[in-house]
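Fold and contact review
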Amino acid sequence: MILVALIGVGVGGTVHKVGDSSGWTMMGVDYQAWASSRTFQVGDSLVFEYNNEFHDVTEVTPHDFELCYSSNPLARYQTGSDTVTLTKPGFQHFICGVPGHCDIGQKLHILGFPASLGPVAAPVPGPVRSPSSYMSPSPSPLATSPTNAPQ
């Protein structure tokens, strides 16, 4: 657990509280609008806070998301304060599995992008060579001396 926390910090994972101060509820939150204002990356975490007497968080397939079908979950969370860490890029779909809640908008799908590589260092230049080190030898001084030049 500590290792996972350290890795998340090391790659700069962002914690996103779903629904901000409203949390995971069926009242007054447009979760797609909420998600569209953010960028999600592998290593980020989604925090779902809700009253677990009335709600849950059910991860489902895209098809089940569209139908608000919760009977075949990929994962189900029920503590009232659940953290889902994004472990792979791509779409993830979440609904409230309580009948009727998804149908009135308690659903969220997000697109997770690959983790940022962070700042990339510029390449280190090789040694600088003087022009004389890679040019052919200079001509004999006698060949170019003013005394030998045609007049």
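Presented here is an overview of the structure given in this document. Small disclaimer: the values here were computed from a predicted structure and weren't measured. (Residues numbered from 1 in each chain as written. Predicted model: local features only at pLDDT ≥ 70, side-chain atom pairs only at ≥ 80, totals over all residues. Heavy atoms only, no water.)

Its location among the elements puts threonine 87 in the loop between strand S6 (81-85) and strand S7 (90-95). With 42 residues separating them along the chain, threonine 87 and serine 45 place their C-alpha atoms 9.3 Å apart. (Helix = DSSP H or I, 4+ residues; strand = E, 2+ residues; numbered from the N terminus.)

Now for the environment of aspartate 103. As for its placement among the helices and strands, aspartate 103 is situated in the loop between S7 and strand S8 (107-113). You can call aspartate 103 exposed: its relative accessible area is 58%. Between the alpha carbons of aspartate 103 and leucine 67 there is a distance of 8.5 Å; along the sequence they are 36 residues apart. (Buried < 20%, exposed > 50% of the residue type's maximum accessible area, 1.4 Å probe, protein only.)

The tally for this structure, following the rule as stated, stands at one disulfide. Across the disulfide from cysteine 68 sits cysteine 102; the S-S distance is 2.1 Å. On the sign convention where negative means left-handed, the S-S torsion of about -65° between cysteine 68 and cysteine 102 marks this disulfide as left-handed. Residue cysteine 68 is located in the loop between helix H3 (62-67) and strand S5 (75-77), and its partner cysteine 102 is located in the loop between S7 and S8; the two are separated by 34 residues in the primary sequence. Note on accessibility: cysteine 68 and cysteine 102 belong to one class, buried. (Disulfide = S-S within 2.5 Å.)

Turning next to the packing of aromatic side chains. This model, assessed by the stated rule, comprises four aromatic pairs. These aromatic residues form a ring-pair network of at least three members: Trp24, Tyr31, Phe48 and Phe94. Above the face of the phenylalanine 65 ring, lysine 107 is positioned so that its terminal group lies 4.5 Å from the ring centre. (Phe/Tyr/Trp six-rings, centres within 6.5 Å; stacked < 30°, edge-to-face > 60°. Lys NZ or Arg CZ within 6 Å of the ring centre and 35° of its normal.)

In terms of nonpolar packing, the biggest core is built from 17 residues, with Val18, Trp24, Leu46, Phe48, Phe94, Leu108 and Ile110 touching the most fellow members. Only helix H2 (31-36), strand S3 (45-49) and S8 provide two or more residues apiece to this core. Counting five residues, the second-largest nonpolar core is a separate cluster that includes Phe65, Cys68, Ile95 and Cys102. (Core = buried A, V, L, I, M, F, W, Y, C linked by side-chain atoms within 4.5 Å.)

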